[in-house]
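Coordinate inspection notes
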Amino acid sequence: MKRKQLESLLEDVDRFSNPKISLEQYPTDPHLAANVLYTIQSGYGDIEGRSIVELGTGCGILSIGCVMLGAEHVTALEVDSDAVEDLTENLSEFEIENVDVVQCDITSPSSLFREHCFDTAIMNPPFGTKNNEGIDMEFLDRALCLCRGAVYSFHKTSTRDFITRRMEGMGYHVAVLAEMKFSIPQMYKMHRQREVLVAVDFIRVSRDPT
Amino acid sequence: AVVSTQSTGSHCKGVVNGFPLKLSSTQVEVKEVEFNADFITRMLERLEWGALVEAASQLGVADGLPEMVPSSGKEAEEEEDVLRKIHHVLLEVEITEGELECPETGRKFPIKNGIPDMRLNEDE
């Protein structure tokens, strides 16, 4: 499948019906989703034929994109009931059968899954801007626990050095695959600006040097 | 949904060995999923075989599953047969309504519409 084709299909993924600011819920742009998923597959072969886990799935654009690029199976984790409903509807619309949804709290202190169950982890995690500082690192740690291969994730560029040092200290390799600006909608009426631009890295954390 | 039940264990406070969760279902759906021998073969090394057979028995779909993890080196035909049975249990049998129960605390996690809700309350 060509990247443009993928992007076109992903444009039909419905967005959050009831987004919650405290969970940093905003949809991942289809153009961006198509680009990163395409990079993961064409650059590293980490989607096709693989078992994938997505953390903080939201409406599911990344999971759906993985299925389109030939993932064998996707386990989609999501805590919010409204998002789970949106996700379920999207999966149904796209007639997708090989995504299993598990409603759970990733930040729950004890481990819910057995370690290294999945091949690849993919996510667009909350950044920790809404009284939830540190949540981005929790997502990253959990993702590394869950998969045996690489973790693909988005993190604020301002945290790049911290993440790299920490991950390398744990024996992982970090590659910044792309730098971009996220336009994050401000959902509170009191905010003066309608959107905020945040510098973001798309990273790959792996056990093997690439 | 069986894939997620293979992987999920109980995370209730203080539980030492929360895996595997006991499975009970009130509604099961069977769908058709394309068989990929390579994928199932790779999954084999990650499966907790006893738990899989147990879960499959609880769903009444354990027929034909061997007691021990199949090892490679069998006749190709025989091996494919077993792989197809595992594929069926893992990917084609879906629990649409049911429960997962923590083996230590008895805490039940509901499965609704094929989705297990593993969220704990604040005090758990």
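None of these values were measured; they are calculated from a predicted model.

From N to C terminus, chain B includes four helices and four strands. Walking chain B from its N terminus toward its C terminus, one meets helices and strands in the order α-β-α-α-α-β-β-β. Expressed as a percentage of its 124 residues, the buried residues of chain B come to 47%. Surface summary for chain B: the accessible area is close to 6500 Å², and the carbon and sulfur share equals 44%.

The next thing to look at is the packing of aromatic side chains. Residues and elements named next belong to chain A. Scanning the entire structure with this criterion turns up six aromatic pairs over all chains. Ring geometry for Y44 against Y152: centres 6.1 Å apart, planes inclined by 55°, an arrangement best described as tilted. With Y44 in helix α2 (residues 30-44) and Y152 in strand β5 (residues 151-156), the pair connects residues that are 108 residues apart, well separated along the chain. Here Y152 falls in the buried class, since its relative accessible area comes to 0%. Feature note: the residues Y26, Y44, F127, Y152, F154, F182 and F202 constitute an aromatic cluster, connected by ring pairs.

All names here are of chain A. Counting buried residues along β5, five of its six residues qualify, which places the element largely inside the surrounding structure. Both strand β4 (residues 120-123) and β5 contribute to a ladder of two bridges, which runs parallel. By the bridge assignment for β5, A121 is matched with V151. A crossover connection joins β4 to the parallel β5 through helix α5 (residues 135-146); in handedness this β-α-β unit is right-handed. Sheet topology note: the β5/strand β7 (residues 195-206) ladder contains six bridges and is antiparallel. Counted as the bridge partner of F154 is F202 from β7.

We now examine the nonpolar core. Residues and elements named next belong to chain A. Grouped together as the largest cluster of nonpolar side chains are 40 residues, with contacts concentrated most on L10, L37, I47, C66, I122, F154 and F182. Considering each element in turn, this core owes the most residues, six residues, to α2. The contacts of F182, once residues within four sequence positions are left out, are Y26, L32, N124, F127, F154, V196, L197, V198 and V200.

Here we come to the confidence of the model for chain B. Summarising the model, chain B shows a mean pLDDT of 80, and 78% of its residues fall at 70 or more. Both scores are available for the predicted complex, with the pTM at 0.90 and the ipTM at 0.86.

Moving on, we get to the sheet that holds strand β4 (residues 115-116) of chain B. Here we have four strands laid out as an open sheet, ordered β1-β2-β3-β4 (chain B), and antiparallel in their pairing. Of all the strands in the sheet, just β1 (22-30) and β4 of chain B have a single pairing partner and so form its edges.

Residue and element names in this part refer to chain B. Following the sequence through the fold, H87 ends up in helix α4 (residues 76-92). According to the relative accessible area criterion, H87 is buried, its value standing at 4%. With residues near it in sequence (within four places) discarded, H87 still touches V33, E34, F35, I40 and E92.

Right, let's talk about the pattern of salt bridges for a bit. Residues and elements named next belong to chain A. Throughout the structure, instances matching the rule amount to 14 salt bridges over all chains. Here K20 makes a salt bridge to D82, at a shortest N to O gap of 2.8 Å. With K20 in the loop between α1 (3-10) and α2 and D82 in helix α4 (residues 81-93), this pair connects stretches of sequence that are 62 residues apart. Relative accessible area serves as the criterion here: at 22%, K20 is assigned to the partly exposed category. The residue R160 makes a salt bridge to E179 at a minimum N-O spacing of 3.4 Å. Taken together, the residues R160 in helix α6 (residues 160-169) and E179 in strand β6 (residues 173-185) connect sequence positions 19 residues apart.

About the thresholds
Residues numbered from 1 in each chain as written. Chains lettered and ligands numbered in written order. Predicted model: local features only at pLDDT ≥ 70, side-chain atom pairs only at ≥ 80, totals over all residues. Heavy atoms only, no water. Helix = DSSP H or I, 4+ residues; strand = E, 2+ residues; numbered from the N terminus. Buried < 20%, exposed > 50% of the residue type's maximum accessible area, 1.4 Å probe, protein only. Areas by Shrake-Rupley, 256 points an atom, 1.4 Å probe, with all protein chains shown as cover. Phe/Tyr/Trp six-rings, centres within 6.5 Å; stacked < 30°, edge-to-face > 60°. Pairing = 2+ DSSP bridges. Right-handed = clockwise from strand over helix to strand, strands pointing away. Core = buried A, V, L, I, M, F, W, Y, C linked by side-chain atoms within 4.5 Å. Contact = heavy atoms within 4.5 Å. pLDDT = per-residue confidence, 0-100. Salt bridge = Lys/Arg side-chain N within 4 Å of Asp/Glu carboxyl O.

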